[in-house]
Structure formats: C-alpha cells, structure tokens
Amino acid sequence: MMNMGPILGIETSCDETAAAVVTDKGTVLANVLDSQIDVHAMYGGVVPELASRRHIETIESIVRLAMTEAQVPYQALQAIAVTHGPGLAGALLVGVNFGKALAYALQIPLLAVNHLKGHLASTWVEQPDFPRSSIMLVVSGGHTHLFFATRTGQYQLIGKTIDDAAGEAFDKGAKMLGLTYPGGPLIDRLSRTGSAKAVHFPRPYLNRGGLDFSFSGLKTSLLYYLRDLKKNDHVMPAIEDVAASYQEAIVDVLVEKSFRAVRKYGAKGIAVVGGVAANSRLRERIIERAQKLGIFVAMPALSLCTDNAVMIAAAGWEQFRSGVIATWDLDTEVGQAAVTNLQTHSVQTIA
Ligand code: KG4
Ligand code: ZN
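Residues numbered from 1 in each chain as written. Chains lettered and ligands numbered in written order. Predicted model: local features only at pLDDT ≥ 70, side-chain atom pairs only at ≥ 80, totals over all residues. Heavy atoms only, no water.

### Things to note about the overall build of the protein chain
Helices and strands together make up the secondary structure of the protein chain, namely 12 helices and 12 strands. Here the C-alpha radius of gyration of the protein chain, 20 Å, is about what a compact globule of 351 residues would show, namely 20 Å. Referenced to the eigenvectors of the C-alpha coordinate spread, the extents of the protein chain come out at roughly 70 × 45 × 30 Å. Residue burial in the protein chain is summarised as follows: out of 351 residues, 55% are buried. Pairs at least 24 residues apart make up 73% of the contacts formed inside the protein chain by residues separated by at least 6 positions. Surface summary for the protein chain: the accessible area is close to 15,100 Å², and the carbon and sulfur share equals 55%. (Helix = DSSP H or I, 4+ residues; strand = E, 2+ residues; numbered from the N terminus. Rg over C-alpha atoms; globule rule 2.2 N^0.38 Å. Buried < 20%, exposed > 50% of the residue type's maximum accessible area, 1.4 Å probe, protein only. Contact = heavy atoms within 4.5 Å. Areas by Shrake-Rupley, 256 points an atom, 1.4 Å probe, with all protein chains shown as cover.)

### Here's the deal with the site of ligand 1
Looking at ligand 1, there are 18 residues lining it, with Gly141, Asp171, Asp188, Gly275 and Asn279 nearest. Gly167 places a polar main-chain atom, nitrogen or oxygen, 3.4 Å from an oxygen atom of ligand 1. Between Asp171 and ligand 1, the recorded distance is 2.6 Å, taken from a side-chain N or O atom to an oxygen atom. The fraction of the free accessible surface of ligand 1 (550 Å²) that becomes covered by protein chains is 89%. Mapped by element, the contributors of at least two residues to the shell around ligand 1 are α4 (115–126), α5 (166–176) and α6 (184–191). Grouping the amino acids of the shell around ligand 1 by side-chain chemistry returns 5 nonpolar, 10 polar and 3 charged. (Near = heavy atom within 4 Å. Polar contact = N/O pair within 3.5 Å; in protein donor to acceptor, adjacent residues only side chain to side chain. Nonpolar A, V, L, I, M, F, W, Y, C, P; charged D, E, K, R; others polar.)

### Here's the deal with the pattern of salt bridges
Under the defined criterion, the tally for this structure stands at 18 salt bridges. The partner of Arg54 in a salt bridge is Asp38, with the nearest N and O atoms 3.8 Å apart. On the criterion of sequence distance, the pair formed by Arg54 in helix α2 (residues 48–70) and Asp38 in helix α1 (residues 37–40) is long-range, its members being 16 residues apart. We note a salt bridge from Glu49 to Arg53, for which the minimum N-O separation is 2.8 Å. Of this pair, Glu49 and Arg53 both sit in helix α2, separated by 4 residues, roughly a single helical turn. (Salt bridge = Lys/Arg side-chain N within 4 Å of Asp/Glu carboxyl O.)

### A few points about the side chain of Lys257
Looking at the element boundaries, Lys257 is found in helix α8 (residues 239–265). Comment: no salt bridge for buried Lys257; closest opposite-charge side chain is Asp212, at 7.2 Å. (Lys, Arg positive; Asp, Glu negative; His and termini not counted.)

### As for the domain arrangement of the protein chain
One can read the domain layout of the protein chain as domain 1 (7–121 + 308–349) and domain 2 (129–302). Once you take the C-alpha centre of each, domain 1 and domain 2 turn out to be 27 Å apart. Between domain 1 and domain 2, the contact holds 19 residues from the first and 15 residues from the second. Summed over both partners, the interface of domain 1 with domain 2 buries about 1,400 Å², with 68% contributed by carbon and sulfur atoms. In this structure, the connection of domain 1 to domain 2 is made through 0 salt bridges. Counting the contacts that link domain 1 with domain 2 gives 0 residue pairs in polar contact (both at pLDDT 80 or more). For the side of domain 1 that touches domain 2, the secondary-structure elements that each account for two or more residues are α4 and α12 (337–340). Element by element, the count of residues in the side of domain 1 that touches domain 2 is highest for α4, at 5 residues. (Domains from an automatic or database assignment. Buried area = accessible area lost by both parts, 1.4 Å probe.)

### Thoughts on the sheet that holds strand β7 (residues 144–149)
In any sheet, the strands associate via hydrogen bonds between backbone groups, in a parallel or an antiparallel arrangement. Reading across the sheet, the 5 strands line up as β8-β7-β6-β9-β10 and stay open at both edges, with mixed pairing between neighbours. Both outer strands of the open sheet, β8 (155–160) and β10 (296–298), are each paired with one neighbouring strand and no more. Strand-to-strand, the axes of this sheet are offset by a mean angle of 20 degrees, without reference to chain direction. With 5 bridges connecting them, β7 and β8 associate as antiparallel partners. Bridging across to β8, His145 finds its partner in Lys160. (Pairing = 2+ DSSP bridges. Axes fitted to C-alpha atoms, helices over the stretch in contact; angles between N-to-C directions.)

### Quick word on the coordination of the zinc ion (ligand 2)
Only His115 (NE2), His119 (NE2) and Asp307 (OD) from the protein reach the zinc ion (ligand 2) as donors, at distances of 2.1 to 2.2 Å. Considering all 4 donor atoms around the zinc ion (ligand 2), the spread of angles at the metal, 91 to 153 degrees, places the coordination shape in the irregular class. Positions of the donor residues of the zinc ion (ligand 2) along the chain correspond to the pattern H-x3-H-x187-D. With a gap of 4 residues between them, His115 and His119 both fall in helix α4, about one helical turn apart. The burial state of His115 is the same as that of His119; both residues are buried. (Donors = N, O, S within 2.8 Å, 3.2 Å for Na, K, Ca; no water. Tetrahedral: all angles 85-135°; square planar, octahedral: opposite > 155°, others 65-115°.)

### Let's talk about the sheet that holds strand β5 (residues 110–114)
Pairing is mixed in the open sheet, where 5 strands are placed in the order β3-β2-β1-β4-β5. The sheet is open, and its two borders are formed by β3 (28–35) and β5, each paired with just one other strand. Within this sheet the neighbouring strands show an average axis-to-axis angle of 20 degrees, counted without direction. In this sheet, strand β4 (residues 79–85) lies alongside strand β1 (residues 7–11) in parallel orientation, the contact comprising 4 bridges. Bridge assignment links Leu8 to a residue of β4, and that residue is Ile80. Along the sheet face, α2 touches β1, β2 (16–22) and β3 and points at about 155 degrees away from the line of β3. The strands that α4 touches are β1, β3, β4 and β5; relative to β5, the one it contacts most, it runs at about 90 degrees.

Laid out in structure tokens, this is it:
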C-alpha cells in the first residue's frame, strides 16, 4: 500500500490553540498547545472575543511549532483536520479559516471534525483495542453527554445535561468557594484531603430523567449552604471537606447514570473523555465499578482529556478513511445540532 503522510489536526473551539501531527498508524509526532487560562482567569470564565483574538495571534506559531516538532515538511501532509463545532463561533472561525487556507495552498483534503467526536476518538489513540459497543461519557466545561458507540462505528446520543455541564458545576462551585478559574482541578486537589461525607449535597436527577443529567440545582445548593452558614454565623468547615462533599455529589451522578447505561445497552466497555475525565475521584470510581463488572475501561491520559489537537487529528483519520471530506465553503457549526448530529456535520462525501 502507498505510504500515507500524517494528518495535521487543529483545535480552536474554546480557550486552547492546539495543533498536532498524527500518522496513519496513530503515532503522535507532535502535540503543541497554547492555553489561554491566563487571559481569562481574571474574568472567572472564558471571554469569547478575547479567545478569538488570542487564537488569531498564536495559531500560526502553534502550527509551525507542531510541524517543526514532527519534522514533517508541509508537502508531506495527507490532510488537515480542523474542529468546526461545537464551540465558540468566533474561536472556531480562526481554526477553520487557517486550516482551510493551508489545505487550499497545499491542495490537500480538508476534514471538518466535530469537537465531541474528537473527544470520543481520543479513547482509541491510547487504546486501539478498546471495544465498540461501549458507553462513552463526554464530560467537559461545555458538555455532559452519554453516547453509545455502536459496533459499526456510529455514536448514538443516549443522555445529556438539561442545564449545566459537569465542568461548569465544578468551575462555578469552585468560584463560590473563592477558588480561581478553572476551579475543577483545584476542587479535585483539595478533595484528596477532605471528607466526602462532611456535608450532604443532593444528587440531582439521580432517580429521574432517564439517562439525562442536571447540575444547576447542585450549584444552587452550594450557594444556599454557604449563605446559610454566613447568616447563622456558623463557622465554615474546612474547605477540603466542602470541596470533597460537592465533588462526590457530581461524581456519584456521573458514575451511577453511566453504569445504568452500561446495563441498559449491554455494553462491553466504558470510556470517559473530556476535561472532567481528568478528575481523580471520577477515575477511581469508574475503574472500580468497571473492574467489578469485568468490562473494559478507558480514560485517556490527562493531556488527552482536556482540549487538544491529537484527538482532532485522530477523528480526522476516521473521516479520511471513510472519504468524508469538507468542501471549501466549510463553515462553523454551533448550537444543539452540532451535538446531536455527530454523523452528518455539514460535509460532503466524495470518492
Ligand atoms: O475538555 P475541556 O478542556 O474543555 C471543554 O471543552 O470544556 O474541559 C475543561 C473543563 C473545565 O470545566 C475544568 O474545570 C474541568 O474540565 N476539569 C476538571 C479537572 N480538570 C479539568 N474538573 C474536575 N477535576 C479535574 N481534575
Ligand atoms: Zn472539549
């Protein structure tokens, strides 16, 4: 078979400018990333316009760095895969247009990758043998979605949050506790020395909503809990205890619903991807339950959990192999459609 060049992946959907080079065998030749956390921290969340502007400033150097690290000439690239949604429209446009211009100049195929499909694909980067017919939980700052990955390579959306994403619950809870943005990793760290039983927080939607999630009520309970402490002049328990109890409420619901899905679909494995998959308590609980059931478990390394371009190049390879190539009028795709239509995302199939 003819030797195939690697795919360059580009990701700019939120607050990370990322580029990666991945071969057809799945070898990662380069993985470069510029995190914008410093830009947004003082605002307590991502400011869309600032995100777009920083992407504009850094994208060329990030891509150049990835190509230098990979030691691959531009002419050797097989295709360029770029995230085109869901995400912040202005941020996505930077990556889409850069990728489009580069692919056009090189006259190679442009691949439009759905960001969630990228997160899902990260599973197979490290574990090529992870079985299909598995339940996959995507948990990040923007998403809490349960998919059933079918035997034929399709993803079926079987549950989702009806309000906040789990990462949002972590970040907003952390903000209430006076922690800096993004608070998820800080809650994780504090919780390691705290007691999860110190404060009782509700497990929202645990016994309703089928496989859907809801986290906005939990955030409100933390708000009321802190307000009542203040009102009644009670001393705040150790922040480690509050963090651990709050984290446990989020993790409980994520684990319970995921394993209900495993049972319902007779799944062979469970995978957790997205930024919140970096949470150590969630990882511990998922591994424990999966081992008890004797099913496969996959949770990518921390660097592959949070937004990155390796996952975009990996999903790009899947699309390239099935001949799903974007046209030069490729636009961004945001909103609900971008989440539910993982298979049919505004691209044309050509031979
Ligand atoms: O996937 P990601 O990098 O970006 C989105 O697409 O949203 O996820 C970022 C989210 C943030 O909400 C962050 O607080 C959360 O993932 N996160 C964590 C941890 N590491 C990142 N949440 C809990 N525990 C962690 N260790
Ligand atoms: Zn993400």
